[in-house]
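Close look at the chain arrangement
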Amino acid sequence: MAIGGSSRRNDESGVRFSRTFTVALFLISIVLIAFDRPQARSPALASLRAGITDLSAPVLDLAAAPVRGLSNIGPYWRNQARLAEENADLRQRLNETRYWRDLALQLRDQREVYEQALNVESPATQNRIGAWTLGDPDGPFVQSRLIGAGTRQGVGSGDPVLNVYGLIGRVVETGNVSSRVLLLTDLNSRIPVMADRSNARAVLVGDNSEYPRLDFLTRNADLEDGDRIVTSGDDGIMPRGLPVGQAQRDRQGRWRVRLYSDQAPVDFVWVFPFEPVLPPEPDRPAEEEMPVADATADAGDAGGLPAPASAEETSAGGEP
Amino acid sequence: MRSPVDTRPPYGLMVWTVISLILALAFYAAPLRIANGPDLMPMLPLMTLFIWSTVRPRFIPPIVIFVVGILNDVLTGGVLGVWALAYLVSLTIARSRDEDGPTREFGPVWVRFLVVLAIAIPVAWAAGSLAIGQPAPIRPLLIEGVASALMFPLFAVIFVRRRSLRGTFGS
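Residues numbered from 1 in each chain as written. Chains lettered and ligands numbered in written order. Predicted model: local features only at pLDDT ≥ 70, side-chain atom pairs only at ≥ 80, totals over all residues. Heavy atoms only, no water.

**Description of the packing of aromatic side chains**
Two aromatic rings, taken as a pair, are described by how far apart their centres are and by the angle between their planes. All names here are of chain B. Here the structure, examined in full by the defined rule, presents 8 aromatic pairs over all chains. Between W83 and Y87, the ring centres sit 5.5 Å apart and the planes meet at 40°, which makes this aromatic pair tilted. Of this pair, W83 and Y87 both sit in helix α5 (residues 82–96), 4 residues apart, which is roughly one turn of the helix. Judged by relative accessible area, Y87 falls into the buried class, the value being 0%. Geometrically, the ring pair formed by F113 and F152 is stacked, given 4.4 Å between the ring centres and 15° between the ring planes. Here F113, found in helix α6 (residues 106–132), pairs with F152, found in helix α7 (residues 139–159); they are 39 residues apart in sequence, far enough to count as distant. (Phe/Tyr/Trp six-rings, centres within 6.5 Å; stacked < 30°, edge-to-face > 60°. Helix = DSSP H or I, 4+ residues; strand = E, 2+ residues; numbered from the N terminus. Buried < 20%, exposed > 50% of the residue type's maximum accessible area, 1.4 Å probe, protein only.)

Have a look at this one:
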């Protein structure tokens, strides 16, 4: 077969490009690789990336639309025969659900009253932002998803992202109308988690394998096969209690997690905007009084005297 | 001596080249898997660059290869420069073998594409591993490489469909 004809054409033969320019492009590529490492990505490059993904988001969405429709054809026809039966079943469940809904509303009201009484501020994770995935490259260097929602919709960097089954990752780059989600399986992913049953803490570490591993477990951690793993919220960046997966040992005896989110392709996701709880900033007078408090505590330890019961007492004692 | 036809600015072909490169990038990065499983998407941007640099080399200067590589990196969320370097190195070496104009016979073209793949994959793997600070898994790259090698004939026929295919591969 001849690609483009059986003979060479005069207009296309002898095409040469500047070697200097080509070498310069080689060097630029190498410099970019050195400066765009995931661990130390500059804000300028990050905003450039976000801008380009914003521009490309509509094109990717358009490219994915036919396949998205195609993937729904099979389940649609397969489910037709069961629809009537499911419909009846769902009506019955709806009636039962009404009872639970009333109970949930009642409990919500009760909780609000308790929170007001205790002056508790619970993190707001109720508002969720739905988005389609626009890009899902499973490359060897990064495991991420591009989703069709950005700062304009309220998505922020660090926000957790879930599909219908569980956590898939967190937002690492935000554009106006698109965001990039770093998956839990990526090499750079670190999420503090815990076992739902025993509250045993660990860090979920991605290693590009299908099952991320659990690191930093204590020696006698109370963990069993099949334990439900949820986010612990210890980093203050993610809310507590988001479903992650099930604990299981691998062949080497290390703990890994079978992710809930793997039960289906990541097509439609929800971003949960989350305001992290910031640590309290000590005011200046308290800082100045700290050495006094420490000295008092040390004296208390050494001489058996009780240390001041609270910072308030310490601060009050320091005033003239 | 250039023919009168050659003096006309080939705007149509240029537009088609640009559109094909954009489409290749879009389909490469878009979520096209219908079900969970191995991603069998071939390296569409590299295939498109290679075909155009064979058929119409003057439309694919190094800066175009670089820009396509950078866009590939951005759209796939990878480190900037990895695919740009891989594409530049592999396609420049492929070109330097025959600077007076590459052959158009399909057999040698396919072999040349395999050579390009054999260069691009290790370069991308090495650059990517350097960027992430540890050896990257090679399996996804090899799967993409095999898919690209196997799908290249079909891809080539689609891209050059307007040209004569007499005496072509397999006939």
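Next, the rest of the story.
**Some remarks on the pattern of salt bridges**
Residues and elements named next belong to chain A. The full count for this structure, using the stated rule, is 15 salt bridges over all chains. For R49, the salt bridge is made with E173, and the minimal N-O distance between the two is 3.1 Å. Of this pair, R49 sits in helix α2 (residues 43–118) while E173 sits in strand β4 (residues 167–174), placing them 124 residues apart in sequence. Take R49 and E173: they sit in the same class, and that class is buried. (Salt bridge = Lys/Arg side-chain N within 4 Å of Asp/Glu carboxyl O.)

**Quick look at the sheet that holds strand β5 (residues 179–183) of chain A**
All names here are of chain A. Taking strand neighbours around the barrel as the criterion, the 6 strands line up as β1-β2-β5-β4-β3-β12 in a closed arrangement whose pairing is antiparallel. Geometrically, the sheet is characterised by an average inter-axis angle of 45° between neighbouring strands, direction not taken into account. Taken together, the 2 bridges between strand β1 (residues 129–135) and strand β2 (residues 144–147) define a ladder with antiparallel strand orientation. Across the sheet, T133 pairs through a bridge with I147, a residue of β2. (Pairing = 2+ DSSP bridges. Axes fitted to C-alpha atoms, helices over the stretch in contact; angles between N-to-C directions.)

**Observations concerning the packing of helix α2 (residues 11–29) of chain B against helix α3 (residues 44–55) of chain B**
Residue and element names in this part refer to chain B. Across the interface, α2 lies against α3 with an axial gap of 8 Å and an inter-helix angle of 160°. On the basis of the axis angle, α2 is roughly antiparallel to α3. Considering the relative orientation of α2 and α3, their crossing is right-handed. Facing W16, T17, S20, L21, A24, L25, F27 and Y28 of α2, the residues of α3 in contact are L44, P45, T48, L49 and W52. A per-class count over the contact of α2 with α3 returns 10 nonpolar, 3 polar and no charged. (Parallel < 35°, antiparallel > 145°, perpendicular 65-115°, else oblique. Left-handed = near helix turned anticlockwise from the far one by under 90°. Contact = heavy atoms within 4.5 Å. Nonpolar A, V, L, I, M, F, W, Y, C, P; charged D, E, K, R; others polar.)

**Side note on α3(B)**
Taking 1.5 Å per residue as the helical rise, α3(B) with its 12 residues ought to reach 16 Å, and the 16 Å between its terminal C-alpha atoms agrees with that figure. The element α3(B) is largely enclosed, with a buried count of 12 among its 12 residues. (Expected span 1.5 Å × (residues − 1).)

**Notes on empty space enclosed by the protein**
Residues and elements named next belong to chain A. Considering all chains together, one arrives at 1 cavity of 30 Å³ or more under this definition. The space that makes up the largest cavity amounts to roughly 30 Å³. Going through the elements one at a time, α2, β4 and β5 are the ones with two or more residues in the lining of the largest cavity. Residue composition of the lining of the largest cavity, by class: 2 nonpolar, 5 polar and 2 charged. (1 Å grid on protein atoms, 1.4 Å probe; cavity = no way out; pocket = protein on both sides within 12 Å on 5 of 7 lines; lining within 4 Å. Points joined across faces, edges and corners; volume = space filled by probe spheres on them.)

**Some points on the side chain of T17(B)**
Residues and elements named next belong to chain B. Among the secondary structure elements, T17 is positioned in helix α2. What makes T17 buried here is its relative accessible area of 3%. Residues contacting T17, with those up to four places away along its chain left out, are W52, F59 and I60.

**Examining α7(B)**
Given a rise of 1.5 Å per residue, 21 residues ought to cover 30 Å, and the 28 Å separating the end C-alpha atoms of α7(B) matches this to within 8%. Every buried residue of α7(B) is accounted for by L141(B), E144(B), G145(B), A147(B), S148(B), A149(B), F152(B), P153(B), F155(B), A156(B) and F159(B).

**Side note on the environment of T48(B)**
Residues and elements named next belong to chain B. Of note, T48 is situated in helix α3. Take T48: its relative accessible area is 0%, and that puts it in the buried class. Along the backbone, T48 and T17 are 31 residues apart, and their C-alpha atoms lie at a distance of 8.7 Å. Beyond its immediate sequence surroundings of up to four residues, T48 is in contact with S20, L21, A24, F155 and F159.

**Some remarks on the nonpolar core**
In terms of nonpolar packing, the biggest core is built from 71 residues, with L60(A), L46(B), L49(B), W83(B) and F152(B) touching the most fellow members. Secondary structure elements with two or more residues in this core: α1 (19–35) and α2 of chain A together with α2, α3, α4 (62–75), α5, α6 and α7 of chain B. The dominant element in this core, judged by the number of residues it contributes, is α6(B), at 13 residues. When sequence neighbours within four positions are dropped, the list of residues in contact with L60(A) reads L134(A), L146(A), A26(B), A29(B), A30(B) and L75(B). Counting 21 residues, the second largest nonpolar core, distinct from the first, contains A202(A), L242(A), A247(A) and V257(A). (Core = buried A, V, L, I, M, F, W, Y, C linked by side-chain atoms within 4.5 Å.)

**A closer look at the pairing of β4(A)**
All names here are of chain A. As paired elements, strand β3 (residues 160–162) and β4 share 3 bridges and run antiparallel to each other. Residue pairing for β4: P160 is matched across the bridge by R170. Here β3 folds back onto β4, and the loop between the two strands holds 4 residues. Bridge count for β4 against β5 is 5 bridges, and the pairing is antiparallel.

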